[in-house]
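Each chain is listed here by its residues.
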Amino acid sequence: MSGPDLRRAAAARALDLVEPGMKLGLGTGSTAAAFVALLGARVRDGLDVVGVPTSEATRIQAEAEGIPLATLDEIPQLDLTIDGADEVDGQLRLIKGGGAALLREKIVAFASTRMVVIADAAKRVATLGAFPLPIEVNPFGRTATRVAVEAAIARTGCTGEVRLRLAPDGAPLVTDGGHHILDAHLGAIHDPEALSAALWAVPGVVEHGLFLGLATAAILAEDRAGQAHVTVLGRIG
């Protein structure tokens, strides 16, 4: 079974959580895009919901699907956010930001009563960190910020290279918020809470990809004998 099939299976299970009248956070990435596509079909069949997208890419897709959209200024409290993750551990701690939307994703997740992660089961890990940790930074003083980030990482016992993320044209990637991203290739993060606090103490760090205490459940799909099998971690209801 292909990756798109598994992503669609996880997205379909998450769609069961959506009720008429809900205010939804719409995530970013390939699995979230599968959810937005399925949600769009339900909206065209008459489902009454409103969505808040976590990126310009998601906004464009949701508009094309005919999903009514709003901003957090218009509806500051959401019922449910459905989003993907680059890694999820057994405590529902996440690494997100592979799609460079981590700032808006975290703002939307924090404004939601529930955040449910959808992913293929390969994203579940025993220890976070194999996926590079994205750290969104202000372009001003980026080199000084990078040096401070490296020192903060070292103080928490992590090791690894911190690299500036580049766009396809070789220039620094610019996020929807106008920032840059440093990717920390750490291999393993044994104390995510300590690393989160250390990164927050660095001026110039706008946001980081450790999502701690935000996800209430994860829907993970895997291939079992050619069939999609869905496992739920946490509280889905």
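Parameters at a glance
- Residues numbered from 1 in each chain as written.
- Predicted model: local features only at pLDDT ≥ 70, side-chain atom pairs only at ≥ 80, totals over all residues.
- Heavy atoms only, no water.
- UniProt positions renumbered as here; feature names shortened; annotations may be inferred.
- Core = buried A, V, L, I, M, F, W, Y, C linked by side-chain atoms within 4.5 Å.
- Buried < 20%, exposed > 50% of the residue type's maximum accessible area, 1.4 Å probe, protein only.
- Helix = DSSP H or I, 4+ residues; strand = E, 2+ residues; numbered from the N terminus.
- Contact = heavy atoms within 4.5 Å.
- Axes fitted to C-alpha atoms, helices over the stretch in contact; angles between N-to-C directions.
- Parallel < 35°, antiparallel > 145°, perpendicular 65-115°, else oblique.
- Left-handed = near helix turned anticlockwise from the far one by under 90°.
- Nonpolar A, V, L, I, M, F, W, Y, C, P; charged D, E, K, R; others polar.

- As recorded by an unreviewed UniProt entry, the protein chain carries the name Ribose-5-phosphate isomerase A and is attributed to Methylobacterium hispanicum.
- Of the comments in the UniProt record for the protein chain, the one headed Catalytic activity (unreviewed entry) reads "aldehydo-D-ribose 5-phosphate = D-ribulose 5-phosphate".
- A UniProt comment under Subunit (unreviewed entry) is attached to the protein chain, and it reads "Homodimer."

1. Some points on the nonpolar core
Moving on, step 1. Val18, Phe35 and Leu39 are the most contacted members of the largest nonpolar core, which totals 29 residues.
Moving on, step 2. Those elements giving two or more residues to this core turn out to be helix 1 (3–15), strand 1 (23–26), helix 2 (30–44), strand 3 (78–83), strand 6 (112–120) and strand 12 (217–224).
Moving on, step 3. Apart from the residues within four sequence positions on either side, Leu39 is in contact with Leu15, Val18, Leu24, Leu26, Leu47, Val49 and Ile67.
Moving on, step 4. Leu128, Cys158, Ile189 and Val202 belong to the second largest nonpolar core, which has 22 residues in total.

2. Some words on the packing of helix 2 against helix 3 (residues 56–65)
Moving on, step 1. The geometry of helix 2 relative to helix 3 is characterised by a closest axis approach of 9 Å and an angle of 25 degrees between their N-to-C directions. As summarised for this structure, helix 2 and helix 3 are arranged roughly parallel, according to the angle between their axes. Once helix 2 is placed against helix 3, the crossing between them reads as right-handed. Every residue of helix 3 that contacts helix 2 at Ala33, Val36, Ala37, Gly40, Ala41 and Arg44 is listed here: Thr58, Gln61, Ala62 and Glu65.
Moving on, step 2. A breakdown of the residues in the contact of helix 2 with helix 3 according to their chemical character gives five nonpolar, three polar and two charged.

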